[in-house]
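Residues per chain are reported as follows:
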Amino acid sequence: MTLADLNSRFGIADQLKFIEGPGGLAFAEIDNALGTAYLCLQGAHLTTFRPKDQAEPVVWLSDYAKFATGKSIRGGAPVCWPWFGPHATESGFPGHGFARTVMWQVTASAALDSGETRITLMLMPNEQTRAQWPRATRLELTVTVGASLRTDLVTTNLDTEAVVIGEALHTYFHIGDIGEIRVTGLENTTYLDKVAGSTRHTQDGAITFNGEVDRVYVDTEATCEIVDARLKRRIVVAKSGSRSTVVWTPWNEKADKMGDFGPDGWRRMVCVESANALENVVTVAAGESHRMSVEYSVVVDA
């Protein structure tokens, strides 16, 4: 579908339009009285979000992000599906699945009475994805942009047998400085520490950062807060349909090797990912659907 077709069918005057973005990729540009966001149709990848009452964005995008067909984008809110991390048996399959690098199709849009803007996309399977995931499933993402940001990821099993999925919204948050923030809400929760060989621990107090962190917190539906002293705000991550939370910062050495963070971009972001991973993967019965929903909002501290 061309940009003209998208704007004709799904554009909303003064709220939603479709544009050509970096790398020639198609984007939905959402700008209403409450908030602004950009959503790349490749990967249904929300790249930025800022409430209108905030000077700084809530969702972080690297200044050095690369935009290319079939490649993931550094920052934003990548969709990890139908597995999280490496594939269980096929080392050649992409980490975190294929959803974040293939085209999605816009299926609906709406201007809500609340002043928010809603857009829904559906993953479009291709020959490569079918080879990696030979199951009949439908994956849809609905994004609602206002003063807060809500994302709903829905997997529907169209097959005759149950399917098992791993998933995550791998969201990068914009912060003042990684050394000055705390993440609360996961106190006394069990986690697997991937930096320390996937050993199992229990979180003691709030999470703070003085080096690389890569942890999968399991069996938790808790709301988390990113407490940011420098920006004088708290980013609230409230979720449902998710039993895992992943907390990640690459720190300087790993970020330098990745090549798309820039010299100090890693200091301005942290990932708090709503997921179903490890022992929290989800079994979706034939004919049934599973919904993972997350809402991101901001509380300003005096």
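Refer to the preceding data block for the structure.
Conventions we followed
Starting from 1, residues in each chain are numbered consecutively following that chain's sequence as written. Local features in a predicted model are, by the rule used here, given only for residues with pLDDT of at least 70; side-chain atom pairs are given and counted only at 80 or more, and totals for whole chains, interfaces and linings are based on all residues. Side-chain calculation: all heavy atoms of the structure are included, whereas hydrogens and water are not. Each salt bridge in this description consists of a side-chain nitrogen of Lys or Arg and a carboxyl oxygen of Asp or Glu lying within 4 Å of one another. Helix and strand assignments come from DSSP, with helices taken as H or I runs of at least 4 residues and strands as E runs of at least 2, each series counted from the N terminus. To sort residues, take the accessible area from a 1.4 Å probe on protein chains only and compare it with the maximum for the residue type: under 20% means buried, over 50% means exposed, and anything in between is partly exposed. A pair of strands is labelled paired if DSSP reports no fewer than 2 bridges between them. Every angle, taken between N-to-C directions, lies between 0 and 180 degrees, and every axis is a line fitted to C-alpha atoms, over only the stretch in contact when it is a helix. Buried and open spaces are told apart on a 1 Å grid over the protein atoms alone, a cavity being a set of points where a 1.4 Å probe fits but cannot get out and a pocket being an open set with protein on both sides within 12 Å along at least five of seven lines. Residues with an atom within 4 Å of a point are the lining residues. Grid points are joined across faces, edges and corners, and a volume is the space filled by probe spheres set on the points. Residue polarity follows a fixed list, in which Ala, Val, Leu, Ile, Met, Phe, Trp, Tyr, Cys and Pro are nonpolar, Asp, Glu, Lys and Arg are charged, and the others, Gly among them, are polar. Whenever a nitrogen or oxygen atom comes within 3.5 Å of another N or O atom, the pair is scored as a polar contact, on the condition that within protein one atom can donate a hydrogen and the other can accept it, and that pairs from neighbouring residues in sequence are kept only if both atoms are in side chains. What makes two residues a contact is simply this: any of their non-hydrogen atoms within 4.5 Å. Classification of ring pairs rests on two measures: the distance between centres of Phe, Tyr or Trp rings, Trp counted by its six-membered ring, which must be within 6.5 Å, and the angle between planes, read as stacked under 30 degrees, edge-to-face over 60 and tilted in between. Distance and angle both matter: a charge sits over a ring if NZ of Lys or CZ of Arg is within 6 Å of the ring centre and within 35 degrees of the ring normal.

Participant: Can you lay out the pattern of salt bridges for me, pointing to particular residues and giving the numbers?
Facilitator: Taken as a whole and assessed by the stated rule, the structure comprises 16 salt bridges. With a closest N to O distance of 2.9 Å, Lys-52 and Asp-31 form a salt bridge. Taken together, the positions of Lys-52 in the loop between strand S4 (45-51) and strand S5 (79-80) and Asp-31 in strand S2 (residues 26-31) put the pair 21 residues apart, joining distant regions of the chain. Using a relative accessible area of 36% as the deciding quantity, one classes Lys-52 as partly exposed. Arg-74 is paired through a salt bridge with Asp-260; the nearest N and O atoms lie 2.9 Å apart. Here Arg-74 is found in the loop between S4 and S5, whereas its partner Asp-260 is found in the loop between helix H3 (251-258) and strand S20 (269-276), with 186 residues between them in sequence.

Participant: A description of the sheet that holds strand S9 (residues 149-157) should follow, citing residues and the corresponding values.
Facilitator: Spatially, S6-S7-S8-S9-S22-S18-S17-S13 is the arrangement adopted by the 8 strands of the open sheet, whose pairing is antiparallel. The open sheet has two free edges, formed respectively by strand S6 (104-111) and strand S13 (181-184), since each of these has just one partner strand. Each adjacent strand pair in this sheet contributes to an overall mean axis angle of 15 degrees, direction not counted. Pairing of S9 with strand S22 (residues 289-300) involves 8 bridges; the strand directions are antiparallel. Within the sheet, the bridge partner assigned to Leu-149 lies in S22 and is Tyr-296.

Participant: If you had to explain the layout of surface pockets to someone new, which residues and values would you point to?
Facilitator: Roughly 370 Å³ of volume is contained in the largest pocket. Lining the largest pocket are 17 residues; nearest its centre among them are Arg-74, His-96, His-170, Trp-248 and Met-258. Elements that contribute at least two residues to the lining of the largest pocket include exactly strand S19 (244-249) and H3. In the lining of the largest pocket, the residues fall into 7 nonpolar, 3 polar and 7 charged. Among the residues making up the lining of the second largest pocket, the classes are represented as 12 nonpolar, 3 polar and 1 charged.

Participant: Before we move on, can you summarise the side chain of Asn-32 with the specific residues and values?
Facilitator: Within the element layout of this structure, Asn-32 appears in the loop between S2 and strand S3 (35-40). A residue is classified by how much of its surface remains accessible, and Asn-32, at 4% relative accessible area, is buried. Looking at Asn-32, its side chain comes within polar contact range of the main-chain nitrogen of Gly-35, at 2.8 Å. Among the polar contacts made by the side chain of Asn-32, one reaches the main-chain carbonyl oxygen of Val-145 at a distance of 3.0 Å. Other than its neighbours up to four places away in sequence, Asn-32 contacts Gln-15, Lys-52, Gly-115, Glu-116, Thr-117, Val-145 and Gly-146.

Participant: Summarise the environment of Thr-2; cite the residues concerned and give the values.
Facilitator: With respect to the helices, strands and loops of the structure, Thr-2 is situated in the segment before helix H1 (3-10). The spatial distance from the C-alpha of Thr-2 to the C-alpha of Val-79 is 23 Å, given a sequence separation of 77 residues. Of note is the side chain of Thr-2, whose polar atom sits 3.1 Å from the backbone nitrogen of Asp-5.

Participant: Tell me about the packing of aromatic side chains, and name the residues and values.
Facilitator: Under the counting rule described, the total for this entry stands at 12 aromatic pairs. Taken together, a centroid distance of 5.8 Å and an interplanar angle of 25 degrees make the contact between Trp-60 and Tyr-172 stacked. Taken together, the positions of Trp-60 in the loop between S4 and S5 and Tyr-172 in strand S12 (residues 172-174) put the pair 112 residues apart, joining distant regions of the chain. Classification of Trp-60 by relative accessible area gives buried; the value is 6%. Taking relative accessible area as the criterion, Tyr-172 reaches 3% and is therefore assigned buried. A ring pair is formed by Trp-81 and Trp-133, whose centres lie 5.7 Å apart and whose planes are at 65 degrees; its orientation type is edge-to-face. Residue Trp-81 is located in the loop between S5 and S6, and its partner Trp-133 is located in the loop between helix H2 (127-132) and strand S8 (137-145); the two are separated by 52 residues in the primary sequence. Residue Trp-133 is classed as buried on the basis of its relative accessible area of 14%. Three or more aromatic residues joined by ring pairs form one cluster here, namely Trp-81, Trp-83, Phe-93, Phe-98 and Trp-133. Cation over ring: Arg-267 sits above Trp-251, and NZ or CZ is 5.6 Å from the ring centre.

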